[in-house]
Amino acid sequence: DKNAVIGGVASKKIFGLGIETTILVPIKPDDPYLQYSNIIVNPHNAFNTKEADRNVKNTWVQNIVGYTEGHPQNVVNSST
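Structural notes, computed from the coordinates. (Residues numbered from 1 in each chain as written. Predicted model: local features only at pLDDT ≥ 70, side-chain atom pairs only at ≥ 80, totals over all residues. Heavy atoms only, no water.)

A cluster of nonpolar residues, Val56, Trp60, Val61, Ile64 and Val65, forms a patch on the protein surface that exposes about 480 Å² of accessible area. Of note, Val61 is situated in helix α2 (residues 50–68). (Patch = residues over 30% accessible without salt bridge, like charges linked within 9 Å, V, L, I, M, F, W, Y side chains within 5 Å. Areas by Shrake-Rupley, 256 points an atom, 1.4 Å probe, with all protein chains shown as cover. Salt bridge = Lys/Arg side-chain N within 4 Å of Asp/Glu carboxyl O. Helix = DSSP H or I, 4+ residues; strand = E, 2+ residues; numbered from the N terminus.)

Position of Asn42 among the secondary structure elements: in strand β2 (residues 39–42). You can call Asn42 partly exposed: its relative accessible area is 36%. Along the sequence, Asn42 and Thr22 sit 20 residues apart, while their C-alpha atoms lie 9.5 Å from each other. Dropping the residues within four chain positions of it, Asn42 is found in contact with Ile19, Glu20 and Thr21. (Buried < 20%, exposed > 50% of the residue type's maximum accessible area, 1.4 Å probe, protein only. Contact = heavy atoms within 4.5 Å.)

What follows is the structure, given as structure tokens:
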């Protein structure tokens, strides 16, 4: 209950809060969560760094190349 949490933070019954936003739904600049310095809002996809994206893409390429060369990698539910 967002209103209860904000009320708890405002009344100091809750010391602080860390919350993850819904994936692909940006938080609005006027959101009450952003009005308090003791609330940390983290995007759901905080793991998305340039390095992480590069590693994922490299894994895709390695999987495709491995499959086409007859030695698939990272196989799930293989019958072989």
